[in-house]
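Listed below, chain by chain, are the residues.
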Amino acid sequence: MIEAKPAPPCTLVVFGALGDLSRRLLMPALYNLAHSGLLPDEFKVLGVARRDFNDDTFRQEIAASTRELAAADIDADTWNWLEQRLDYLKGEFESDDTYGELTARLDGNVLFYLATPPAFFGKIIDRLGAAGLVEESDDGFRRVIIEKPFGTDLESAQALDHEILGVLTESQIYRIDHYLGKETVQNIMALRFANGIFEPVWNRDHIDHVQITVAETVGVERRGKFYDATGALRDMVPNHLFQLLTLTAMEPPSRFEADAVRSEKSKVLRAVRELNGYEVTRNAVRGQYKAGKVAGQEVAAYRESPDVSADSTTETYVALKLEIDNWRWAGVPFYLRTGKALAARCTEIVVEFKHAPLALFRDTAVEGLSANTMILHIQPNEAVSLEFSAKVPGPRVRLGAVEMTFNYRDYFSAKPNTGYETLIYDCMIGDATLFQRADNIEAGWRVVQPVLDAWAKSTVEPQRYPAGSAGPGEADMLLERDGRQWRPID
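For the structure given in this document, a descriptive report is provided here. Just so we're clear, the structure is a prediction, and the values are computed from it rather than from any experiment. (Residues numbered from 1 in each chain as written. Predicted model: local features only at pLDDT ≥ 70, side-chain atom pairs only at ≥ 80, totals over all residues. Heavy atoms only, no water.)

## A short note on the overall build of the protein
No. 1: Tallying secondary structure elements over the protein gives 15 helices and 17 strands in all.
No. 2: For 490 residues, the compact-globule formula gives about 23 Å, and the C-alpha radius of gyration of the protein, at 24 Å, lands near that figure.
No. 3: With the C-alpha coordinates aligned to their principal axes, the bounding extent of the protein is approximately 80 × 55 × 45 Å.
No. 4: Contacts spanning at least 24 positions in sequence make up 77% of the contacts within the protein whose residues lie at least 6 apart.
No. 5: Here the protein has roughly 22400 Å² of accessible surface; of this, 49% comes from carbon and sulfur atoms.
No. 6: Averaging the locations of the 54 positively and 73 negatively charged side chains of the protein gives two centres separated by 5 Å. (Helix = DSSP H or I, 4+ residues; strand = E, 2+ residues; numbered from the N terminus. Rg over C-alpha atoms; globule rule 2.2 N^0.38 Å. Contact = heavy atoms within 4.5 Å. Areas by Shrake-Rupley, 256 points an atom, 1.4 Å probe, with all protein chains shown as cover. Lys, Arg positive; Asp, Glu negative; His and termini not counted. Charge placed at Lys NZ, Arg CZ, Asp CG, Glu CD.)

Laid out in structure tokens, this is it:
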């Protein structure tokens, strides 16, 4: 087995180094990479933020948050190794002085990580370009990692692409989505394309429908200002859910290489049938949670959350029925749903196969056959389950549903991770397979845009659902009218 080697020497410059994303996800991921021996000895982190910190206070702040969030005990030697490589630069993101200081402190390979609000993405990249900080040479690469959300609609995404591609080449841009760092998400391609028993039946001849669920138990909490201007559709569908959709539905790439994989994913999104005004009414459901209980705890209504308008019509839940107009998937509906303050935290892909003919059992007590179902569990536990029918012991022919489950932790030694480890390492070694390309981003927004437009014009408010439930009843009807039902959220 080929083991991963340490990444090449590089400096990671983190804009917004004291923000929640950096402290909660990025820095713990760097610790995990260091503990796994995947960071080079010539590795440095340069945090850039506005607070009046120095190297020592920055290291203390990061140490405190990393220890608080670590899934396991911190190894002192690993932390000391990483801490010595943490430096700090106090600076404004729009100040020329900041970029002058960066120029004086940087050489060789550099990754710029934009852990900032989206409003700064274009501004920071413009200033990096003006300072000559993204010019590549034989002495080193210069790459930029951009967090989501990448735009707020099709027009803004296109404008942002146009702006940053005026400074960077596409090969320098790494649009990150932490969902793609999860092992089960990466395993979708391995499951499909490395196993001869699955790919032959992965099509419209054998699959009845696909469900993709991203359910959260948390409400809006302290993100009201951001969330009330964004909503569940913008926040989750063009990125997280469409990543799961494309990996499930894509054709086999010609090779396991970044552009080949991303081209096949782009083809899937371009093949998704766009919803017109009537189809939005019929095939898109938006909801908003009201007061209820989640895991026994009282949860206030969304409209009562801090920084949320008392008459807000922003959706905290969305469900969609989509069709993919290509040879493999014609006639197979894809049902997508995501929401906050739901009954359980659950991310999964459910592939339901068509029923076998009942003819063999017509003279028995069997009245109907349950569907064969494959469930790709992504979080909170990473696993793959297969549900099928088996004979119940006894003299009569009776069938019962049974399940076989493969848990990652049972077969592989899973190391603590935030979902960012693989992505950061891939950026360091220049592997863009798990990152979105400009055409992937824009193709996703093209699917979502008609829904955004229809909802913006609509006078109908989102359907209310109690916190701690599975969502609004209208989402159940989305499947019930097709003779199907959602897999329970539990």
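Moving on from the model shown.
## Quick notes on the pattern of salt bridges
No. 1: As enumerated under the stated definition, the model contains 27 salt bridges in all.
No. 2: Residue Glu-348 is joined to Arg-487 by a salt bridge in which the shortest nitrogen-to-oxygen separation is 3.4 Å. Of this pair, Glu-348 sits in strand β13 (residues 346-353) while Arg-487 sits in the segment after α15 (473-480), placing them 139 residues apart in sequence.
No. 3: For Glu-387, the salt bridge identified is with Arg-487, shortest N-O distance 3.0 Å. In this pair, Glu-387 is assigned in strand β15 (residues 383-391) and Arg-487 in the segment after α15, connecting sequence segments 100 residues apart.
No. 4: Overall, Glu-387 belongs to the partly exposed group, its relative accessible area being 21%. (Salt bridge = Lys/Arg side-chain N within 4 Å of Asp/Glu carboxyl O. Buried < 20%, exposed > 50% of the residue type's maximum accessible area, 1.4 Å probe, protein only.)

## Structural notes on the packing of aromatic side chains
No. 1: Per the counting criterion, the structure on display carries 15 aromatic pairs.
No. 2: A ring pair is formed by Phe-58 and Tyr-88, whose centres lie 5.3 Å apart and whose planes are at 35°; its orientation type is tilted. In this pair, Phe-58 is assigned in helix α2 (residues 55-69) and Tyr-88 in strand β3 (residues 86-90), connecting sequence segments 30 residues apart.
No. 3: Residue Phe-58 is classed as buried on the basis of its relative accessible area of 0%.
No. 4: Relative to Tyr-302, the ring of Tyr-289 lies with its centre 5.9 Å away and its plane at 75°, an arrangement referred to as edge-to-face. Placement of Tyr-289 in strand β8 (residues 284-290) and of Tyr-302 in the loop between β10 (297-299) and β11 (317-323) is noted, with a sequence separation of 13 residues between them.
No. 5: Taking relative accessible area as the criterion, Tyr-289 reaches 2% and is therefore assigned buried. (Phe/Tyr/Trp six-rings, centres within 6.5 Å; stacked < 30°, edge-to-face > 60°.)

## Some details on the layout of surface pockets
The probe, sized like a water molecule, is rolled over the atoms to show the empty space still left.
No. 1: One number sums up the size of the second largest pocket: a volume of about 360 Å³.
No. 2: Mapped by element, the contributors of at least two residues to the lining of the second largest pocket are α11 (277-283), β8, α14 (438-457) and α15.
No. 3: With four residues, the top contributor of residues to the lining of the second largest pocket is α11.
No. 4: Among the residues forming the lining of the second largest pocket, the class breakdown is nine nonpolar, four polar and five charged. (1 Å grid on protein atoms, 1.4 Å probe; cavity = no way out; pocket = protein on both sides within 12 Å on 5 of 7 lines; lining within 4 Å. Points joined across faces, edges and corners; volume = space filled by probe spheres on them. Nonpolar A, V, L, I, M, F, W, Y, C, P; charged D, E, K, R; others polar.)

## Remarks on the pairing of strand β2 (residues 43-49)
No. 1: Buried residues dominate β2, accounting for six of its seven residues.
No. 2: Sheet topology note: the strand β1 (residues 10-15)/β2 ladder contains six bridges and is parallel. Residue Phe-15 lies in a different strand from β2, and its bridge partner there is Val-48.
No. 3: Regarding topology, helix α1 (residues 20-35) serves as the crossover connection from β1 to the parallel β2, and that connection is right-handed.
No. 4: The pairing of β2 with β3 spans five bridges and is classified as parallel. When the bridges of β3 are listed, Val-48 appears paired with Leu-89. (Pairing = 2+ DSSP bridges. Right-handed = clockwise from strand over helix to strand, strands pointing away.)

## Details of the sheet that holds β2
No. 1: Strand order in the open sheet formed by six strands is β3-β2-β1-β4-β5-β6, with parallel pairing between adjacent strands. Each edge of the sheet is formed by a strand with only one pairing partner; in this case those strands are β3 and β6 (173-175). Averaged over all pairs of adjacent strands, the angle between strand axes in this sheet comes to 20°, irrespective of strand direction.
No. 2: The pairing of strand β5 (residues 142-146) with β6 spans three bridges and is classified as parallel. Paired with Ile-146 across the strands is Arg-175, a residue of β6. (Axes fitted to C-alpha atoms, helices over the stretch in contact; angles between N-to-C directions.)

## Considerations on helix α13 (residues 421-429)
No. 1: When you tally the buried positions in α13, you get seven out of nine residues, the bulk of the element.
No. 2: Elements that come into contact with the buried residues of α13 comprise β1, α1, β2, β4 (110-114), β5 and β6.
No. 3: Immediately beyond the C-terminal end of α13, within one or two residues, lies Gly-430, with a positive phi of roughly 85°.

## Comments concerning the pairing of β4
No. 1: Summarising burial for β4: five of the five residues are buried, a large majority.
No. 2: Burial along β4 is two-sided: the face carrying Val-110, Phe-112 and Leu-114 and the face carrying Leu-111 and Tyr-113 are both buried.
No. 3: Note: β1 against β4, five bridges, orientation parallel. The residue bridging Val-13 from the neighbouring strand is Phe-112, located in β4.
No. 4: Note: β4 against β5, five bridges, orientation parallel. Along β5, the bridge assignment pairs Tyr-113 with Ile-145.
No. 5: Tracing the backbone out of β4, into helix α5 (residues 121-130) and back to the parallel element β5 gives a crossover that is right-handed.

## Considerations on the environment of Glu-199
No. 1: Mapped onto the elements, Glu-199 comes out in the loop between α7 (183-193) and β7 (207-215).
No. 2: For the pair Glu-199 and Glu-251, spaced 52 residues apart in sequence, the C-alpha to C-alpha distance is 10.0 Å.
No. 3: Residues contacting Glu-199, with those up to four places away along its chain left out, are Arg-192, Phe-193, Pro-252 and Arg-328.
No. 4: Polar side-chain contacts of Glu-199 include one of 2.8 Å to the side chain of Arg-328. (Polar contact = N/O pair within 3.5 Å; in protein donor to acceptor, adjacent residues only side chain to side chain.)

## Remarks on helix α4 (residues 96-105)
No. 1: Along α4, the residues that are buried comprise Thr-98, Tyr-99 and Leu-102. All buried residues of α4 lie within an arc of 90° about the axis, which places them on one face of the element. The exposed residues of α4 that point more than 90 degrees off its buried face are Asp-96, Asp-97 and Ala-104.
No. 2: On its buried face, α4 sits against β1, β2, β3 and α5.
No. 3: Among the residues of α4, the N-terminal cap falls to Ser-95, whose side-chain oxygen and the backbone nitrogen of Asp-97 are separated by 3.2 Å. (Arc of directions from axis to C-beta.)

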